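Summary of structural features
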Amino acid sequence: MPSLKRGATLKTLEGESLQVVDILGEGGQGIIYRIRFRKEYYALKWYKKIESQRFYDNLKENVARGSPAPTFLWPLAVTEKDEKGGFGYVMQLKPDCYKDFSLFILNRVKFSSFAAVINAALQITASFKTLHNKGLSYQDLNDGNFFINPESGDVLIGDNDNVAHDGENLGIQGKPRYVAPEVVLSQHKPDTFSDRFSLAVILFLLLFRNHPLAGIRDQDGDDPDENELNLYCKNPVFIFDPEDDSNRPKEGIHVNALKFWPVFPSYIHELFQRAFHKELMRSDGANREDRIIEREWLKALVRLRRDLFFCANCGNLTFYPKEGEQTVCMNCNKPAEQPAFLVIGSQRIPLQPGLSIYRYDIDATSDFTVENIREEIGLVVQNQKNSRIWGLKNLSNLPWYRRSPGGKEEVRMTGEVIPVIRNNSIKFGTLSEGTIK
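Residues numbered from 1 in each chain as written. Predicted model: local features only at pLDDT ≥ 70, side-chain atom pairs only at ≥ 80, totals over all residues. Heavy atoms only, no water.

1. Concerning the overall build of the protein
The condition that has to hold: By definition, any uninterrupted DSSP run of H or I lasting at least four residues is a helix, any uninterrupted run of E lasting at least two residues is a strand, and each is numbered from the N terminus. Throughout, the radius of gyration refers to the C-alpha atoms, and the reference size of a globule is 2.2 Å times the residue count to the power 0.38. Between buried and exposed lies partly exposed: a residue is buried under 20% and exposed over 50% of the maximum accessible area for its type, with that area taken using a 1.4 Å probe on protein chains only.
The secondary structure content of the protein amounts to 11 helices and 23 strands. Taking 2.2 N^0.38 as the reference for a compact globule, 437 residues should give roughly 22 Å; the C-alpha atoms of the protein span a radius of gyration of 24 Å, in line with that estimate. Seen along its three principal axes, the alpha-carbon backbone of the protein occupies a region of about 80 × 55 × 35 Å. When the 437 residues of the protein are sorted by exposure, 51% land in the buried category.

Here is the structure:
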């Protein structure tokens, strides 16, 4: 299909007008334009070739059903077909502060902190949990789908035009290195189960900046296509497989994997070892139903975010170890003084200036949605006159009740602060109660 000219005017199926401003970029499937629409700037994806009528109808259905979560750059409107059958769809523009995920993998863009990395992992996983719960599958997860704010870890997800009802495939098979082996080898069509394989790959790349199957067995040689099929589909081996060391990361090449793997707690190691177990990567797709579901990833990632605290020696974030183990900072390798904790049931939430508590920390009924993962209900702050005095600021719409060991009780409303004093308890409305240890 020919490209659109600057200034060209198109109509959506609802009869709204849009005008092409300039080209933003180009991919394998289409060209992205900046447009004027509804008196503001948006993006338009215009397809390079004539897509099927079912593809067109599916786009219209996605517009009608609306975005599953605020992280998706979801189709907002579909254009009428032109005289040659060409069309496109309208979506929100990506803000400039969001960077392509591939740039993080290549270390050309760096996250501001481990907290931002974990936030990105949480938002990606929660987004696909919601998508799958609505009976939809993405079918084409790869590093080009994600845009991330390096400061906050906030995520936007693009290329949602291939999203369809689970079990229905519109022709896309996904990108090699990311798609499940059984899909590459045409044993199964893309669906929720193949999405879950791709999600595990994305999460590993995000946390460890290395492909989970690219180790010393990666021999490009004279036949890169056959090498790729063998490495990622026919005979995949996880680079940290506890029973098979034939594909370990190589010194000087897989630097990120070797650097970051020891940093993370064992429960994260175990989850990835399960996700990339050979029985879940079989080329015939057997056992694909046993791949790790989003909720299990989210429980581990929430725990990982709770395990972060600031080292008093270097000021950087590090992970709190298992109870009883010595805390050694992963940045400066010095013993790190353990902070005060808010203990709610089996949860331990570090209390240090700059750290937050979230809705799901205090509300056991709260689901792991993107909105809940983002919702901070408390923030640890320092006294402006005495930095040694810390407090927990109420950011929620609930009254908080502080009770001292002597039984004295005080209430703190939205915007007010409870002092961080060991052995005091805090009751969060009627939802839960914790003790500062």
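2. Looking at the pattern of salt bridges
Pairing of side chains with opposite charge becomes possible as their charged atoms draw close. Which entries qualify depends on this criterion: Any Lys or Arg side-chain nitrogen found within 4 Å of a carboxyl oxygen on Asp or Glu counts as a salt bridge.
Counting across every chain of the model gives 27 salt bridges. Within the structure, one salt-bridge network assembled from shared partners comprises E182, D191, R288 and R291.

3. Describing empty space enclosed by the protein
How we decide: Space inside and on the surface of the protein is sampled on a 1 Å grid over the protein atoms alone, with a cavity defined as a set of points where a 1.4 Å probe fits but cannot get out and a pocket as an open set with protein on both sides within 12 Å along at least 5 of 7 lines; lining residues have an atom within 4 Å of a point. Grid points are joined across faces, edges and corners, and a volume is the space filled by probe spheres set on the points. Three classes are used, and their members are as follows: Ala, Val, Leu, Ile, Met, Phe, Trp, Tyr, Cys and Pro are nonpolar, Asp, Glu, Lys and Arg are charged, and the others, Gly among them, are polar.
All chains considered together, the criterion is met by 2 cavities of 30 Å³ or more. In this structure, the largest cavity encloses a volume near 50 Å³. Around the largest cavity, the lining is made up of 10 residues, and of these Q139, D140, L141, V179 and S198 lie nearest the centre. Of the residues in the lining of the largest cavity, the class split is 3 nonpolar, 4 polar and 3 charged. Within this model, the second largest cavity holds a volume of roughly 40 Å³. Broken down by element, the lining of the second largest cavity gets its largest block of residues, 3 residues, from helix α5 (residues 192-208). Looking at the lining of the second largest cavity residue by residue, the classes come out as 5 nonpolar, no polar and 2 charged.

4. Some words on the sheet that holds strand β20 (residues 409-412)
Quick reminder of the rule: Here, any two strands with at least 2 DSSP bridges between them count as paired. Lines fitted to C-alpha atoms define the axes here, with helix axes fitted over just the stretch in contact, and angles between the N-to-C directions of these axes take values from 0 to 180 degrees.
In spatial order, the strands read β15-β14-β23-β22-β19-β20; together these 6 strands make up an open sheet with antiparallel pairing. With partners counted over all chains shown, the strands left at the sheet margins are β15 (347-351) and β20, one partner each. Taken pair by pair, the neighbouring strands of this sheet meet at an average axis angle of 25°, ignoring direction. Where strand β22 (residues 425-428) lies against strand β23 (residues 432-436), 4 bridges are found, and the strand directions are antiparallel. When the bridges of β23 are listed, F428 appears paired with S432.

5. Let's talk about the side chain of N62
Operational definition: Here a polar contact is recorded for every N or O atom pair within 3.5 Å, except that within protein the pair must consist of a potential hydrogen donor and a potential acceptor, and residues adjacent in sequence are included only if both atoms are side-chain atoms.
With respect to the helices and strands, N62 occurs in helix α1 (residues 53-65). We classify N62 as buried; its relative accessible area is 0%. A distance of 3.1 Å separates the side chain of N62 from the backbone oxygen of V163, its partner in a polar contact.

6. Regarding the sheet that holds strand β10 (residues 155-157)
The test is simple: Contacts between residues were defined by any pair of non-hydrogen atoms, one from each residue, lying within 4.5 Å.
In spatial order, the strands read β7-β9-β10; together these 3 strands make up an open sheet with antiparallel pairing. Of all strands in the sheet, those bounded by a partner on one side alone are β7 (99-100) and β10. Pairing analysis gives 3 bridges linking strand β9 (residues 146-148) to β10, with the strands arranged antiparallel. Across the sheet, F146 pairs through a bridge with I157, a residue of β10. Contacts from helix α3 (residues 114-133) reach β9 and β10 within the one sheet, and its direction differs from that of β10 by about 35°.

7. Looking at the environment of I418
Along the chain, I418 turns up in strand β21 (residues 417-419). Not counting residues within four places of it along the chain, the set of residues in contact with I418 comprises G391, L392, W400, R402, R412 and I426.

8. Topic: unusual backbone geometry
Even without being a glycine, Q139 presents a positive backbone phi close to 80°. Non-glycine residue N423 carries a positive phi angle of around 75°.

9. So, the packing of α3 against α5
What counts here: Angles are sorted into four bins: roughly parallel if under 35 degrees, roughly antiparallel if over 145, roughly perpendicular if 65 to 115, and oblique for all others.
Look at α3 against α5: their axes get within 10 Å of each other, and the N-to-C directions meet at 175°. Between α3 and α5, the angle is such that the two are roughly antiparallel. Contacts between α3 and α5 involve V117, A120, A121, I124, T125 and H132 from the first element and T192, D195, R196, L199, I202, L203, L206 and L207 from the second. The class makeup of the residues in the contact of α3 with α5 is 9 nonpolar, 3 polar and 2 charged.

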